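# Structure assessment
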Amino acid sequence: MEDIKTTITTEEQIKYVSNNGGPVLGYSETSGVTIIEKDGFYFKDLNKDGKIDKYEDWRFSPEERAKDLASKMTIEQIAGLMLYSRHQAVPAGSKSWFTGKYNGKSYEESGANPWDLTDEQIDFLSNDHLRHILITTVESPETAARWNNNIQAYAEGMGLGIPANNSSDPRHGSDSSTEFNAGAGGTISMWPEPLGLAATFDPNITAKFAEIASKEYRALGITTALSPQIDIATDPRWFRFNGSFGEDSQLSADMAKAYVDGFQNSADEKEIAGGWGYDSVNAMVKHWPGGGSGEAGRDAHYGYGKFAVYPGGNFEEHLLPFTKGAFNLSGKTEMASAVMPYYTISIDQDQVNGENVGNSYNTYIIHDLLRNKYGYDGVVCTDWGITADEPENIDTFIGGKPWGVENLTVPERHYKLILAGVDQFGGNNEAGPILEAYQMGVAEHGEAFMRKRFEESAIRLLKNIFRLGLFENPYVTATESVQEVGKPEYMQAGYEAQLKSIVMLKNKNGVLPLRKESVVYIPKRYTPAGKDWFGFPTPEKLEYPVNIDIAKKYFKITENPEDADFGLVFISTPNSGTGYSHDDIKDGGNGYVPISLQYKPYTAIDARDESLAGDARPGDVLNRTYKGKTVTPSNTTDLDSVLETVEILKGKPVIVSLLLSNPTVVEEFEESIEAIIANFGVQDQAVFDILTGKVEPAGLLPMQMPANMKTVEEQFEDVAHDMVCHRDSEGNVYDFAFGLNWAGIIQDDRTEKYKKEK
């Protein structure tokens, strides 16, 4: 043993043991785990039986170890592995959606440390054997690291010592106002939204993002990314448009491949085997078989948006970002390790059973297509909450989303999912329904069949934990995490990507770039009181739409238009709601209203007479048409602000900075102004760096900008590139892959590869 160099260090009761030619072992002094020496190497005795089992021997492959461990697990333990927790904030405050208790008290009242485990977390770890945890906000990198160590020590001390697999929705944007990006902000590198990454038309930038993000995730104790969202957003009204890579299947496939490769691949000394290792983060791509074709742009988080439709017969193209991208990687890991189907019912796409049920429940979509035809053998995890009962109101976010199987009991839904080929249940903390489903299967198919089926899922789930080295060392060092997360070079890379994502749509008479120190008039922006998409109230606001202190570093700011050299107006995509209104019901309607992409009140005279899908159940609506109905966006005042600024500046140039979350009808103001700069979620200074010419604009539109709402109504929900696009006063058409630089229309290798011939 003289040639074995063993180092033991301690931080927060965590010990580390080095192997010569092997992995560092990390274990908690409080877990009861001991180290056993065998063949000149060290191993963790996770199940505390005094010997080294195959799953504890890091010399075996993840596949061999997973099979051995699955064979040792009870059905209760496998059921726990099949759970994926509801959202957890660190710490769990009492004033948000992500609440929790500490010794029966709120965090604010408890005196707990921010990294302490909540009562709920202790319960689902110990009583339900849950090991997959979705975290949202974290107070700081140090808090995240110490919370991870606490939860790993707790898990390590129980049963077979299976580590926690912590996960996150996207958290690298500059906007934390949406659930899909609930961890954004704080000390972490900031990048464009996925739609902004797509606007670079450069998969290398997306790969760089993913490589950096994976290192930051691992430093936070996060080992699975619930991303990327690779649905092709073929309906321009869908409110998850900006979480996608746009409407084009080829661009989406290339971006998906780069993203997943970057997250999953480890290299050099960080690699364990097959590209997996200590820099790797499992990528859970979503949403199979594509969620971007919801009827009329409605979204399936709500009962009114449960149907995906295919009037163009274009179902197959929606699979391409998966089959040609995420399942066909360039790197060693070969394919995304997990996939999440969407909530939607893909109407009339089941070619075997003719079932119209939510995608996860559909045996044809999961077993026949995903598993058999495309050979996918990674983890299939449902979207969050699909096994719970639907809420009383069709437009309520918080509640179950069991679309198409509302008549089944909760255990019956689990059973149907298991038989369809699903491995894991998103947003479920309790193992009871899975155990009931198991007994249903035993009664129908026998114990041996169900035991084998459960072990299949366990093996898939365990492989994703073994590959990352978590059984050897699930711990992170808080001081190193603080240094790693948000490194200056990571911040710089993210900022450079933000700059490359900004698209210049209009530059009449070369008004841009602007001279620094010019005098600028920036109107304040009015936001009426309303509700966020969770249903929580939001206050009325009148405030500057940007950080005015940052603006002052570039320009002289005036509140007197007469003193201004130019006007600069910040607006966002029209927000007319998500396609359903209780006011319409009060007026005798069916509740369904248009989703508008224009700022003025919009009347849907060109909508369908009859919807393509509906629900024949009593109390629901079969014909969901909204023809002839009118909606007014809550930010119709954005248009007023632009036009008022044009009027009061009396011929001086007006520039619009447009935050795009969806394709937008700009005909209402475009002709009146000199320039438009579009972005997809960036820091204020990135916009100013473009406006002042510090950086030349290089972004391209990752989607079409419609000429009007008539073309939006007439396009097919499942077909890309099928709208009439806006033509501006300079004769430029705002089509897919359009963008300007200082010299004019951008034509380069990106446009040659991706631009569509008309």
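Anything mentioned here points back to the structure above.
Residues numbered from 1 in each chain as written. Predicted model: local features only at pLDDT ≥ 70, side-chain atom pairs only at ≥ 80, totals over all residues. Heavy atoms only, no water.

## As for the side chain of Asp689
Defined as follows: A run of DSSP states H or I qualifies as a helix once it reaches four residues; a run of E qualifies as a strand once it reaches two. Both are numbered from the N-terminal end. We call a residue buried when its accessible area falls under 20% of the maximum for its residue type, exposed when it is over 50%, and partly exposed in between, using a 1.4 Å probe and counting protein chains only. Positive: Lys, Arg. Negative: Asp, Glu. His and the chain ends are not part of the count. Throughout this description, the term salt bridge denotes a Lys or Arg side-chain nitrogen within 4 Å of a carboxyl oxygen of Asp or Glu. N or O atoms closer than or at 3.5 Å make up a polar contact, with two conditions inside protein: a donor-capable atom paired with an acceptor-capable one, and, for residues adjacent in sequence, both atoms drawn from side chains. We call two residues in contact whenever any of their non-hydrogen atoms come within 4.5 Å of each other.
Take Asp689: it is sitting in helix α19 (residues 684-691). Of the side chains with opposite charge, Lys694 comes closest to the buried, unpaired Asp689, at an N-O distance of 4.3 Å. Within the local environment of Asp689, its side chain forms a polar contact with the side chain of Tyr495, the two groups lying 2.6 Å apart. Excluding residues within four positions of it along the chain, Asp689 makes contact with Tyr495, Leu499, Tyr554, Lys694 and Val695.

## Remarks on unusual backbone geometry
Cis geometry marks the peptide bond from Ser227 to Pro228, where omega comes out at 5 degrees. Topologically, Pro228 is positioned in the loop between β10 (224-225) and α8 (249-264). Although it is not a glycine, Lys48 adopts a positive phi angle of roughly 60 degrees. Taking the relative accessible area as the measure of exposure, Lys48 reaches 35% and is therefore partly exposed. Here Asn103, not a glycine, exhibits a phi torsion of approximately 55 degrees, which is positive. Relative to the assigned elements, Asn103 resides in the loop between β7 (88-90) and α3 (107-110). Looking at Asn103, the relative accessible area reads 74%, which means it is exposed.

## Quick notes on helix α7 (residues 203-220)
Put simply, the rule reads: An expected span of 1.5 Å times one less than the residue number is assigned to each helix.
In this model, α7 (18 residues) spans 25 Å end to end at C-alpha, consistent with the 26 Å of a helix rising 1.5 Å per residue. With 13 of 18 residues buried, α7 is to be regarded as a mostly interior element. Where α7 starts, the residue carrying a side-chain oxygen 2.9 Å from the main-chain nitrogen of Asn204 turns out to be Asp202. Note on α7: the residue one or two positions beyond its end, Gly221, has a positive phi of about 85 degrees.

## Topic: the sheet that holds β10
The test is simple: Only strands that DSSP links by at least two bridges are regarded as paired with each other.
Pairing in this open sheet of 7 strands is parallel, and the strands run β7-β8-β9-β10-β13-β15-β17 from one edge to the other. Looking at which strands have only one partner, the edges of the open sheet turn out to be β7 and β17 (379-380). Pairing of strand β9 (residues 165-168) with β10, which is carried by 2 bridges, proceeds in the parallel orientation. Counterpart to Ser168 in the pairing with β10 is Ala225.

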